[in-house]
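A closer look at the structure
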Amino acid sequence: MSGIEFILAGMLAAATPFLLAALGELVVERAGVLNLGLEGMMALGAAIGFIVVYEGGGHVAAFVAAGFAGVGLALIFAGLALGLRANQVAVGLAVGILGQGLSSLVGNSYESLTITGLPKLAFPGLSDLPVVGGMFVQDIVVWLSLVATAAIWAMFRYSRLGLVLRAIGENPTAARAIGYRVIALRLWAVVFGGAMAGFAGAYAATVYTPLWADGMIAGRGWIALALVVFGTWLTGRIFFGALLFGALSLASLVAQTEGWAVPSQLLSSLPYIVTIVVLGIITSNKKLLKLNGVASLGETFGP
Amino acid sequence: MIHLVRRDRASRRMAVAAPLLALLAAILSNLLLFVTMGKDPAAVFYALLLEPFLSWSSFSEVLLKTGPLLLIAQGLAIGFRAKVFNIGAEGQFILGAIFASAIPVYFPQATGGWIWPAMLVMGAIGGALWAVVPAFWRVRLNANEILVTLMMSLIAVQLLNYLLLGPWKDPMGFNFPQSVMFQYDAMIPILLPGTRVNASILLAFLAALLAWIYMQRSFGGYQFLVGGLAPKAATYAGFSQSRAIWLSLLIGGFAAGLAGAAEVAGPIGQLQRSISTGYGYAAIIVAYLGGLHPLGIVASAFLMAALYIGGDNAMVSADLPVAAVRVFQGSLLVCYLAAITFVRFRLVRTKVAPA
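This is a predicted model, so every value here is computed, not measured. Along each chain, numbering runs from 1 in the same order as the chain's sequence is written. Chains and ligands are labelled sequentially in the order written, the chains with letters from A and the ligands with numbers from 1. Owing to the predicted nature of the model, reporting of local features is limited to residues with pLDDT of at least 70; listing and counting of side-chain atom pairs is limited to 80 or more, with chain, interface and lining totals taken over all residues. The side-chain quantities take in all heavy atoms of the structure and omit both hydrogens and water.

1. Observations regarding the overall build of chain B
Heads up, the condition is: The helix and strand labels rest on DSSP assignments: H or I over at least four residues marks a helix, E over at least two residues marks a strand, and numbering proceeds from the N terminus. The quantity called the radius of gyration is restricted to C-alpha atoms. Its globule counterpart is 2.2 Å times the number of residues to the power 0.38. Accessible area is worked out with a 1.4 Å probe on protein chains only. A residue is then buried under 20% of its type maximum, exposed over 50%, and partly exposed in between. The contact definition used throughout considers only heavy atoms, calling two residues in contact when any of these lie within 4.5 Å. We score Asp and Glu as negative and Lys and Arg as positive, and we do not count His or the chain ends. Charge placement uses NZ in Lys and CZ in Arg. For Asp and Glu, CG and CD serve respectively.
Across its full length, chain B holds 14 helices and 2 strands. For 355 residues, the compact-globule formula gives about 20 Å, and the C-alpha radius of gyration of chain B, at 22 Å, lands near that figure. If one aligns the C-alpha atoms of chain B with their principal axes, the spans along those axes are about 75 × 55 × 35 Å. Of all 355 residues assigned to chain B, the portion counted as buried reaches 54%. Look at the contacts in chain B between residues 6 or more apart in sequence, and 78% of them connect residues 24 or more apart. Averaging the positions of the 22 positive and the 11 negative side-chain charges in chain B gives two centres separated by 21 Å.

2. Re the interface of chain B and chain A
Operational definition: Accessible-area loss on putting two parts together, using a 1.4 Å probe and summing over both, is the definition of buried area adopted here. Any carboxyl oxygen of Asp or Glu within 4 Å of a side-chain nitrogen of Lys or Arg constitutes a salt bridge here. Residues adjacent in sequence count toward polar contacts only when both atoms are side-chain atoms; beyond that, a polar contact is any pair of N or O atoms within 3.5 Å, and within protein one must be able to donate a hydrogen and the other to accept it. Gly falls in the polar group here, along with every residue not listed as nonpolar (Ala, Val, Leu, Ile, Met, Phe, Trp, Tyr, Cys, Pro) or charged (Asp, Glu, Lys, Arg).
If you look at the interface, chain B gives 43 residues, while chain A gives 43 residues. In total, chain B and chain A occlude about 3500 Å² of area from one another, counting both sides; carbon and sulfur atoms represent 80% of this. Along the contact surface separating chain B from chain A lie 0 salt bridges. The tally of links between chain B and chain A comes to 7 residue pairs in polar contact (both at pLDDT 80 or more). Mapped onto the side of chain B that touches chain A, the elements with two or more residues apiece are α6 (132-141), α7 (145-165), α12 (279-289) and α14 (323-344) of chain B. In terms of residue count, α14(B) provides more of the side of chain B that touches chain A than any other element does, 13 residues in total. Here the side of chain B that touches chain A is built from residues that sort into 33 nonpolar, 7 polar and 3 charged.

3. Quick word on the packing of helix α11 (residues 264-283) of chain A against α6(B)
The condition that has to hold: Angles here are taken between N-to-C directions and fall from 0 to 180 degrees, while the axes themselves are lines fitted to C-alpha atoms, restricted in helices to the stretch in contact. In these notes the angle categories are as follows: under 35 degrees is roughly parallel, over 145 is roughly antiparallel, 65 to 115 is roughly perpendicular, and the rest is oblique. By convention, the crossing between two helices is left-handed when the near helix turns anticlockwise from the far helix through less than a right angle, and right-handed when the turn is clockwise.
Relative orientation of the contacting elements α11(A) and α6(B) amounts to 15°, with a least axis distance of 9 Å. On the basis of the axis angle, α11(A) is roughly parallel to α6(B). As for the relative orientation of α11(A) and α6(B), their crossing is right-handed in sense. Contact with α11(A), carried on its side by Ile276(A), Val277(A), Gly280(A) and Thr283(A), involves Val133(B), Trp137(B) and Leu141(B) of α6(B) and no other residues of that element.

From the geometry alone we can't say anything about function, so treat these as descriptive.
This is how it looks when you write it as structure tokens:
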């Protein structure tokens, strides 16, 4: 298999942890809340998911349990940031640190153990195409993530719920004045974001690389946060951003196997470097941010 | 129906009580967690919270760890007050350690009293340089410093790995990812005989004093505070926001870099992978727990240092995984952020739900 074929076949799977977490965060941020605890939620979801599969619970139970773990942390976040009106940045960091700590704690006795992932399902017909055929052989979670992407896109584009979420993110005072329960809606958005982060972590630890290593999320939660900005809070752009980072993480693998004379540490830092560069390019375009950004993002709101 | 009502003025009593209440809540919730893990709560409590203070040798280790936490947190708190969220102190610390190590790595035979001070200067420069990128990105490119500082930390870890596995690896080191052991003159003099506590802790206390003078007594510090609390008012008054961002990040990087240098030129004595045990992240908690006040931070740095030592004790005597300390740190910050709500708000119970 050539390098290009390898990247094409693998990039959807590599993108899935970014995608799931970023889609969740998109809903949260659209509702006006900044959840910086994503990395910790993913890490805990990853540990819980791995343990469930390792102990014989299967992948379905693993994703459910990981989702609940993410929701648990999300509820702590919501209690402080929405209920007690604490600073969202500080609370996000706190919940993130807590999540990463809990992840190391529960995963402590599972270090370096491995499990089996999920089988790949081929899309009949398309999977036999030359070069791009590999893109159509993916596990079920990848296919479901694509469905979720389309569903979230459609929700923001066509549904009343999408409109209401955007309204409470743009101007919570006005939204409340016309009768929407801002805090309750934001709570649901945060819970959804937590569940998605848990799924993202579970995918990383039980399907994409089915092994447990402390710190295996390795900044993917933070990159997912950056992806929401890259995508200027639009579902389609976030999807392509996630694909780009999926491809990027595989490109470094290809470079290593092809024996390029580049230090592997430089290749490992490539996603972080690209994040910094792209972030600078996107955010320096103030018009773009103003057009698509969320007006009340990160501001506390209370009656 | 219970709801929050803003107080007429911030409650001073709550401001002092909040960290203590948070500590109590964190202790109780973590002991509960350890019980569910099947650990003996009494043994954990003893090892984690009492043992660090019971012998001179472990107390001196607490002092040793207070140094870097105090130094980094003072630097971060200045930025946090101006709402500049540098969460990449971990990377700035690592760069400080790398820059400082360059001297003994390239001049292993050098002697003289100038070496360790030069290493500290190098470290501070390295840390500040690592903060230049997020500062430039924020001021010129409008990019969020939280994400950029964090990414810079992840890159710093890779840079450290590269040096230790490649050009800076000790050729006589049995292939371990670590540099040569530094020469005697590269070590900061010991302050308290018979312990590992070195003169760098004086630097940390000096930093606390300077931060106190700057933040509480100078016009520059006042500009910072206004910039954080009321950015619009600060702009009308002509306080430059760009200047506040540059200063916050450079001071934060400078302090973290200095701490990193003091670590390799102090208790560790070489460059290795485990130079930082999460000091950069723990210092965020230290800064908040100290109420972002230079004197409060002295107390919270000491508490956090004791937790580190207590965690090591608990690992040995109560079979507690080292990650438990991070859980404790995280829950401490969660509890604190919950508690400080009541500095500005009070709970009011009403019989009828508000319309």
